[in-house]
Amino acid sequence: MNRYAMQHIVDSSYCYPVSEHEIVLRLRTAKDDIVSARVIYESKYAIGARQLMQPMKKCYSTELYDFFEIKLALEDTRLAYVFSVSDDGEKFYFFSEDGITEDYDFTLGFYNFFQYPYINRADILPPVTWMDEAVFYQIFVDRFCMGDKAKDTSYINCEWGDVPTPKTFAGGDIKGILQNLDYIKGLGCNAIYLTPVFTSISNHKYDISDYYRVDPQFGSNEDLKKLVQECHSRGMRIVLDAVFNHCSERIMQFQDVLEKGKKSEYFDWFVIDGDRVNEAKDNYETFAACDYMPKFNTSNPKVQQFLIDIAVFYIREYDIDGWRLDVSDEISHDFWRTFRKAVKQAKADAVIIGENWHDASNYLRGDQYDSIMNYAFTKACLDYFAWGKKNAQEFAWKLNDILMRNTETVNRMMLNLLDSHDTHRFFKETGSNRLRTKAALTLLYLFDGAPCIFYGTELLIYGGYDPDCRRCMDWSLTGEDGPYGDVYRLLTKLSEIRIEEHVASGKNRIFSENDVFILENTYGDRVLRLMVNLTDRERKTEFGTLKANSFGVSMNGGFVIYEEE
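Caption draft 1: A look at the overall build of the protein. Of regular secondary structure, the protein possesses 12 helices and 29 strands. What you see for the protein is a C-alpha radius of gyration of 26 Å, in line with the 24 Å of a compact globule of 565 residues. With respect to the principal axes defined by its C-alpha atoms, the protein has extents near 80 × 60 × 45 Å. In the protein, which comprises 565 residues, the share counted as buried stands at 59%. Residue pairs at least 24 apart in sequence account for 66% of intrachain contacts in the protein once pairs closer than 6 positions are excluded. When the accessible surface of the protein is summed, it comes to about 23,300 Å², and 45% of that surface belongs to carbon and sulfur atoms. The positive charge centre, built from 65 side chains, and the negative charge centre, built from 88, are 1 Å apart in the protein.

Written out as structure tokens, the structure is:
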């Protein structure tokens, strides 16, 4: 038995409550090492009075580890427990805070059993329930659609559809989104995530100079309010981009600092080395190396209040449904804890989604974000579908590894994506391979969490890294009867399946067989199964034969979708 691989951490993704009387326990073991695992538990205040034992199920496997899991329904939530494990199914060992032992004295368990002392309601992460059925459509506003033909267009410096540059302005606006809400909903998307819309000199608006004013290039504050209202009238949600790590050098507060130096009342709003900003502009913290984007000092209570007031204002006055947090991992945990309390008090089901590209488990314990943009999922999909760096088995292992970073509650709220305004277009990375892109999109809709497609994905927009990924939407190609009608039909079908078959409420099992990747979603008696064969040979599995370079989705034995090259 590999005792070095055995792991359990109390009050973490290995042990977390999901209600006031339910708790999930996970046990990590070495891969293919343990054949049986059980949990033995009782009240920590009634040792020996009513000891219970239940078998655990091996639910996830990665390259190095297996994960056993169980959900316990408790009468007394003052939980004491140890694990009983076997590597041959006959002799059992015990695993407690003392590690692996051949026997265990429960009468002295109060020294070394695992314990979850009490389930407090405040420690239970409540799910944002609408995320279960959410299908997001991300819009980079300047490139989606220009709906206001009467506005001042003097800032536009390219033809619609030109390959973009960092300084390109194409003219997309909020009215263009308003005019196409039915199109977005018809695609099966019921939630919109907008990149920033507030006053800025750039096309991307991540350098904001006035957080309370919609940029005139995009429209007015009334246009934004109408957009939210029209989304809600269609049963759609809308999430805005919160750029709270940094701002524009043109913001009033930084301009005051430039003028007055340390005498400015806003000097401590920023992180400056010295008594004033020097001429080289290299003595203050910024976003990346952009001297025109000074970094906020979010440890300053006045800055915290300024930013939190903005977040709450758009929830209370505009009724937005949440915030995506730009560069959120460069801001303190303290700020996000204060932020969460204010946002959730304003609107309990407002979603908070961090932009953390890496493991963010420390931010996802119920006191900061609800979820993150799941770029770990993006990278895994690129490795398998686009770059061929992982085979089906390795891909399944990696997806399970990603799921084990967080609780099931968090996983169900993840914003999963194949690409965004910050990445290469996925279709381009596959070498313009239509089938591989469609197979990846199918996984996107069936994986744990909310799928998010970047505008134009339904048209297989081609593009490299920023800004090339931000090309204009070609409206002449849209629709079920257009040249990309097969992608349009796939996405609408996947949206229907996701909602009608309660995919988010199902339990996913991810594995491979004979170099075929398999995701199995079980909900009650219904089993939905995605199978992907990216090899150049026909592959047989216990669930059927899959042709070379093909994928299929079956439900209870019958194919719902089948694609082959």
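Caption draft 2: Fine view of the sheet that holds strand 25 (residues 526-533). With antiparallel pairing, the five strands of this open sheet are ordered in space as 23-24-25-28-29. Of all strands in the sheet, those with a lone pairing partner are strand 23 (507-513) and strand 29 (558-564), marking the two edges. Averaged over all pairs of adjacent strands, the angle between their axes in this sheet comes to 10°, without regard to strand direction. With respect to the sheet, helix 11 (residues 434-446) is in contact with strand 23, strand 24 (516-523), strand 25, strand 28 (550-555) and strand 29, its orientation differing from that of strand 28 by roughly 30°.

Caption draft 3: View of unusual backbone geometry. The residue after Asp466, namely Pro467, is reached through a cis peptide bond having omega 10°. Secondary-structure assignment places Pro467 in the loop between strand 22 (450-454) and helix 12 (485-500). Phi at Ala288 takes a positive value of approximately 50°, unusual for a residue other than glycine. Relative to the assigned elements, Ala288 resides in the loop between strand 16 (286-287) and strand 17 (290-294). On the basis of relative accessible area, Ala288 is assigned to the exposed category, the value being 60%. Of note, the phi angle at His502 is positive, near 50°, even though the residue is not glycine. Its place among the elements puts His502 in the loop between helix 12 and strand 23. His502 gets classed as partly exposed once you look at its relative accessible area, which sits at 36%.

Caption draft 4: Just the pairing of strand 23, in detail. Across seven bridges, strand 23 lies against strand 24 in antiparallel orientation. Paired with Ile510 across the strands is Leu519, a residue of strand 24. The antiparallel pairing of strand 23 with strand 24 creates a hairpin that spans two residues between the two strands, and Asn514 there sits at a positive phi of about 55°.

Caption draft 5: Inspection of the environment of Gly147 at higher detail. One can find Gly147 in the loop between strand 11 (136-139) and helix 1 (174-178). Measuring from C-alpha to C-alpha, the distance between Gly147 and Cys158 comes to 16 Å, with 11 residues separating the pair along the chain. Not counting the four nearest positions on each side in its chain, Gly147 is found in contact with Asp173, Lys175, Gly176 and Gln179.

Caption draft 6: Molecular detail of the environment of Asp88. You can see Asp88 is positioned in the loop between strand 7 (79-86) and strand 8 (93-96). Take Asp88: its relative accessible area is 45%, and that puts it in the partly exposed class. Expressed as a C-alpha distance, the spacing of Asp88 and Asp419, which sit 331 residues apart in the sequence, is 45 Å. Engagement of the side chain of Asp88 in a polar contact is seen with the backbone nitrogen of Glu90, the distance being 2.8 Å.

Caption draft 7: The sheet that holds strand 21 (residues 415-417), seen in detail. Spatial strand order, 11-12-15-18-19-20-21-22: eight strands in a closed barrel with parallel pairing. Taking each pair of neighbouring strands and ignoring which way they run, the sheet shows an average axis angle of 25°. Bridging between strand 18 (residues 322-325) and strand 19 (residues 351-354) involves four bridges; their strand directions are parallel. The partner of Trp323 across the bridge, within strand 19, is Ile352. Of the strands in this sheet, strand 18 and strand 19 are in contact with helix 6 (residues 333-346), which crosses strand 19 at around 155°.

Caption draft 8: Quick peek at the state of the cysteines. All told, the structure shown has zero disulfides when counted by the stated rule. Here Cys59 stays free of any disulfide, with the sulfur of Cys15 as its closest cysteine sulfur at 16 Å. On the accessibility criterion, Cys59 (19% relative accessible area) is buried. Between Cys472, a free cysteine, and Cys158, which holds the nearest cysteine sulfur, the sulfur-to-sulfur gap is 5.6 Å. A relative accessible area of 11% places Cys472 in the buried class.

Caption draft 9: Quick look at the packing of helix 3 (residues 221-233) against helix 5 (residues 301-318). Contact geometry for helix 3 and helix 5: axes closest at 10 Å, N-to-C directions at 65°. Across the interface between the two elements, Asn221, Leu224, Lys225 and Val228 from helix 3 touch Tyr314, Glu317 and Tyr318 from helix 5.

Caption draft 10: Layout of the pattern of salt bridges. A full pass over the atoms with the stated rule returns 39 salt bridges. Here Lys398 makes a salt bridge to Asp401, at a shortest N to O gap of 3.5 Å. Taken together, the residues Lys398 and Asp401, both in helix 8 (residues 392-403) and three residues apart, mark about one turn of the helix. Using a relative accessible area of 26% as the deciding quantity, one classes Lys398 as partly exposed. The exposure class assigned to Asp401 is partly exposed, which follows from its relative accessible area of 29%. Salt bridges linked by common partners bring Arg237, Asp319, Asp321, Lys347 and Asp349 together as one network.

Caption draft 11: Region of the structure containing helix 6. End to end, helix 6 covers 20 Å across 14 residues, agreeing with the expected 20 Å (1.5 Å per residue, within 8%). Buried within helix 6 we find Phe335, Trp336, Phe339, Arg340, Ala342, Val343 and Lys344. Lining the buried residues of helix 6 we find helix 5, strand 18 and strand 19.

Caption draft 12: Quick peek at the side chain of Thr298. Among the structural elements, Thr298 can be located in the loop between strand 17 and helix 5. Residues in contact with Thr298, not counting those within four places in the same chain, are Phe244, Val303, Gln304, Leu307, Ile331, Ser332 and Phe335.

Caption draft 13: Structural view of the nonpolar core. One finds Phe136, Tyr137, Trp323, Phe339, Phe385, Leu443 and Phe517 to be the most contacted residues of the largest nonpolar core, which totals 147 residues. At 10 residues, helix 5 tops the list of elements feeding residues into this core. Those residues in contact with Phe339 that lie beyond four places of it in its chain are Phe244, Ile308, Ala311, Trp323, Leu325 and Ile352. Counting 25 residues, the second largest nonpolar core, distinct from the first, contains Tyr93, Phe114, Tyr116 and Ile119.

So, how was this worked out
- Sequence positions are assigned chain by chain, starting from 1 and proceeding in written order.
- Per-residue local features are limited, in this predicted model, to residues with pLDDT of at least 70; the limit for side-chain atom pairs, both in listing and counting, is 80 or more; totals at the level of whole chains, interfaces and linings are taken over all residues.
- Think of the side-chain values as coming from all heavy atoms in the structure, minus any hydrogens and water.
- Secondary structure follows DSSP: runs of H or I at least 4 residues long count as helices, runs of E at least 2 residues long count as strands, and numbering of each begins at the N terminus.
- The globule rule used for comparison is 2.2 Å times the number of residues to the exponent 0.38, while the radius of gyration itself is calculated over C-alpha atoms.
- In this scheme, a residue with accessible area under 20% of its type's maximum is buried, one over 50% is exposed, and one in between is partly exposed, where area comes from a 1.4 Å probe on protein chains only.
- Residue contacts follow a heavy-atom distance rule, with two residues in contact if any of their heavy atoms lie within 4.5 Å.
- Shrake-Rupley sampling with a 1.4 Å probe provides the accessible areas, and residues are treated as covered by the protein chains on show and by no other component.
- Positive charges come from Lys and Arg alone, negative charges from Asp and Glu alone, with His and the N- and C-terminal ends not counted.
- Lys charges are placed at NZ, Arg charges at CZ, Asp charges at CG and Glu charges at CD.
- Here the rule is simple: two strands pair whenever DSSP picks up at least two bridges between them.
- As a rule, the C-alpha atoms of each element are fitted with a line to give its axis, helices using only the stretch in contact, and angles between N-to-C directions run from 0 to 180 degrees.
- Any N or O atom pair separated by 3.5 Å or less is treated as a polar contact, with the protein-specific requirement of one donor-capable and one acceptor-capable atom, and with residues adjacent in sequence counted only for side-chain atom pairs.
- Any pair of cysteine sulfurs within 2.5 Å is marked as a disulfide.
- What counts as a salt bridge is simple: a side-chain nitrogen of Lys or Arg found within 4 Å of a carboxyl oxygen of Asp or Glu.
- In this scheme, a helix's expected span is set at 1.5 Å multiplied by one less than its residue total.
- Among buried residues, those of type Ala, Val, Leu, Ile, Met, Phe, Trp, Tyr and Cys that are joined through side-chain atoms within 4.5 Å constitute a nonpolar core.

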